[in-house]
Amino acid sequence: MLKSNIYVVALVAAATFAGLGLSSAATDDPQVLAAMVANNEAQDAALGERVETLLRTDIGLAGSKIRVFSNAAVITVAGTVPDEHALRRALDLASGVRGVREVRNAMEVYVPK
């Protein structure tokens, strides 16, 4: 019994170290690293577009001038909104989009004269 447990532990350890070795080798390759960065940028751009489309088409945010920035799944919502309710709505909608890790507020309440 003890002998089989040692084999299992040795097998798991070998698989773990092999996986760590492969992952470190993959990130040393400049082409792999560039592809990973490009993929992350594309995912951020798509996420930002989804959030911005949602905010621009929401009837509760009519009269708002909103811009959306995305970096590493962190969404920053900037611009102006007509009241506090619209500000809270924009933040709530943005945080509900799948893939958003965090939402930061850079909006201001601006009531036109």
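Up top you'll find the structure we're talking about.
Residues numbered from 1 in each chain as written. Predicted model: local features only at pLDDT ≥ 70, side-chain atom pairs only at ≥ 80, totals over all residues. Heavy atoms only, no water.

1. As for the pairing of strand S1 (residues 65-71)
Where S1 lies against strand S2 (residues 74-81), seven bridges are found, and the strand directions are antiparallel. Across the sheet, Asn-71 pairs through a bridge with Val-74, a residue of S2. (Pairing = 2+ DSSP bridges. Helix = DSSP H or I, 4+ residues; strand = E, 2+ residues; numbered from the N terminus.)

2. As for the nonpolar core
Val-51, Leu-55, Ile-66, Ile-75, Val-77 and Met-107 are the most contacted members of the largest nonpolar core, which totals 18 residues. Elements with a minimum of two residues in this core: helix H2 (30-57), S1, S2 and helix H3 (84-95). Looking at this core element by element, the count peaks at five residues for H3. With sequence-adjacent residues up to four places away left out, Val-77 is seen in contact with Leu-55, Ile-66, Arg-67, Ala-94, Val-103, Arg-104, Asn-105, Ala-106 and Met-107. (Core = buried A, V, L, I, M, F, W, Y, C linked by side-chain atoms within 4.5 Å. Buried < 20%, exposed > 50% of the residue type's maximum accessible area, 1.4 Å probe, protein only. Contact = heavy atoms within 4.5 Å.)

3. A short note on the sheet that holds strand S3 (residues 102-109)
Here three strands make up an open sheet; going across it, the order is S1-S2-S3 and the pairing mixed. Where the open sheet ends on each side, the last strands, each with one partner, are S1 and S3. Strand-to-strand twist in this sheet, taken as the mean axis angle between neighbours without regard to direction, amounts to 15°. This element, H3, spans S1, S2 and S3 of the sheet and lies at about 160° to S3. (Axes fitted to C-alpha atoms, helices over the stretch in contact; angles between N-to-C directions.)

4. What about unusual backbone geometry?
Phi is positive for Ala-72, close to 55°, though the residue is something other than glycine. Classification of Ala-72 as partly exposed rests on a relative accessible area of 46%.

5. Some points on the pairing of S3
Looking at chain direction, S2 and S3 are connected through eight bridges and run parallel. If you follow Val-81 over to S3, its bridge partner there is Val-109.

6. A closer look at the environment of Val-103
With respect to the element layout, Val-103 can be found in strand S3. A sequence separation of 10 residues divides Val-103 from Leu-93, and the C-alpha atoms of the two residues are 9.9 Å apart. Setting aside chain neighbours within four positions, we find Val-103 in contact with Ile-75, Val-77, Leu-91, Ala-94 and Ser-95.

Purely geometric numbers; function is a separate question.
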